[in-house]
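# Topology and contacts: notes
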Amino acid sequence: MHDHDHSHDHHHDNHYSDMQARVKALETLLTEKGLIDPAAIDAIVETYETKVGPRNGARVVAKAWSDPDFAEWLKRDATAAIASLGFTGRQGEHMRAVFNTPDTHNLVVCTLCSCYPWSVLGLPPVWYKAPAYRSRAVIDPRGVLAEFGLTLPESKKVRVWDSTAELRYLVIPERPEGSEGMDEEALADLVSRDAMIGTAIAGSPKIPAAGSQEVSA
Ligand code: FE
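Residues numbered from 1 in each chain as written. Predicted model: local features only at pLDDT ≥ 70, side-chain atom pairs only at ≥ 80, totals over all residues. Heavy atoms only, no water.

### Some thoughts on the packing of aromatic side chains
- Applying the stated criterion to the full structure yields eight aromatic pairs.
- Aromatic side chains tryptophan 127 and tyrosine 133 sit 5.0 Å apart centroid to centroid with 75° between the ring planes, which places their arrangement in the edge-to-face category.
- Taken together through their ring pairs, the aromatic side chains of Tyr116, Trp127, Tyr128, Tyr133 and Phe148 make up a single cluster.
- The side chain of lysine 63 reaches across the aromatic face of phenylalanine 70, ending 5.6 Å from its centre. (Phe/Tyr/Trp six-rings, centres within 6.5 Å; stacked < 30°, edge-to-face > 60°. Lys NZ or Arg CZ within 6 Å of the ring centre and 35° of its normal.)

Written out as structure tokens, the structure reads:
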């Protein structure tokens with residue numbers, strides 16, 4: 001499943017957008033040919049909209065902050081370390097965790113389309129799939145981060161990771177100051193979806209995590 005995003009400027013005489021019309025046409029055709037069961041498709045969408053979301057990724061980050069052995073495992077083999085917490089499946093088969101450090105900030109994009117680690121972050125936000133983000137994240141990452149309200153010191157390097165169908169990235173933000181002694185549950189509350197894409201950093205224990213948690217297909 002690799003959702004290429006074709007942004008043509010077609011006009012339709014119905015209420016569907018170009019993309020919705022294409023999806024509807026494909027779903028109807030596949031159903032008529034008996035290749036898919038619409039109920040099964042609904043179940044998959046329902047799962048990713050309600051059961052799988054950024055909370056999974058936040059639990060991975062909180063564990064990495066709390067358990068150095070787990071953090072090492074995550075660096076070495078993110079797919080296995082993440083699977084050990086029960087987060088497996090579609091669009092998360094091959095994972096790599098990239099750790100922010102005092103020297104380096106990591107940012108994830110899919111320049112080709114919208115590859116995203118569903119198993120840990122749920123469905124991607126609309127902006128992640130937008131042509132503007134996909135092109136500008138590579139050309140001008142600092143400009144993009146500034147628009148998200150994140151201004152990094154010039155001394156900090158920004159590393160941009162281009163996702164593919166084969167490999168998805170999870171950013172492990174730096175553990176915020178003042179979070180010593182917090183348990184994993186409380187730590188996970190500091191980790192927003194955007195912090196795991198790299199368009200935000202972890203929230204401080206006094207200020208809630210930046211970046212909204214809404215899920216948009
Ligand atoms: Fe993609």
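### Considering the coordination of the iron ion
- Around the iron ion, the donor atoms from the protein are Cys110 (SG), Cys113 (SG), Cys115 (N) and Cys115 (SG), and they sit 2.1 to 2.6 Å away.
- Between the four donor atoms coordinating the iron ion, the angles at the centre fall across 79 to 131°, so the site counts as irregular.
- Sequence spacing of the donor residues for the iron ion, all on one chain, is C-x2-C-x1-C. With respect to class, cysteine 113 is no different from cysteine 115; both count as buried. (Donors = N, O, S within 2.8 Å, 3.2 Å for Na, K, Ca; no water. Tetrahedral: all angles 85-135°; square planar, octahedral: opposite > 155°, others 65-115°. Buried < 20%, exposed > 50% of the residue type's maximum accessible area, 1.4 Å probe, protein only.)

### Let's talk about the packing of helix α3 (residues 54-66) against helix α4 (residues 68-76)
- Packing of α3 against α4 leaves a shortest axis separation of 5 Å and a crossing angle of 120°. What the angle tells us is that α3 and α4 run oblique. For the pair α3 and α4, contact is made by Val60, Lys63, Ala64 and Ser66 and by Pro68, Phe70, Ala71 and Leu74, respectively.
- Among the residues forming the contact of α3 with α4, the class breakdown is six nonpolar, one polar and one charged. (Axes fitted to C-alpha atoms, helices over the stretch in contact; angles between N-to-C directions. Helix = DSSP H or I, 4+ residues; strand = E, 2+ residues; numbered from the N terminus. Parallel < 35°, antiparallel > 145°, perpendicular 65-115°, else oblique. Contact = heavy atoms within 4.5 Å. Nonpolar A, V, L, I, M, F, W, Y, C, P; charged D, E, K, R; others polar.)

### Quick word on the layout of surface pockets
- Estimated volume of the second largest pocket: approximately 190 Å³.
- Lining the second largest pocket are Asn100, Leu150, Thr151, Leu152, Pro153, Lys156, Glu174, Arg175, Pro176, Glu177, Ile201 and Ala202.
- Along the lines of polarity and charge, the residues of the lining of the second largest pocket split into six nonpolar, two polar and four charged. (1 Å grid on protein atoms, 1.4 Å probe; cavity = no way out; pocket = protein on both sides within 12 Å on 5 of 7 lines; lining within 4 Å. Points joined across faces, edges and corners; volume = space filled by probe spheres on them.)

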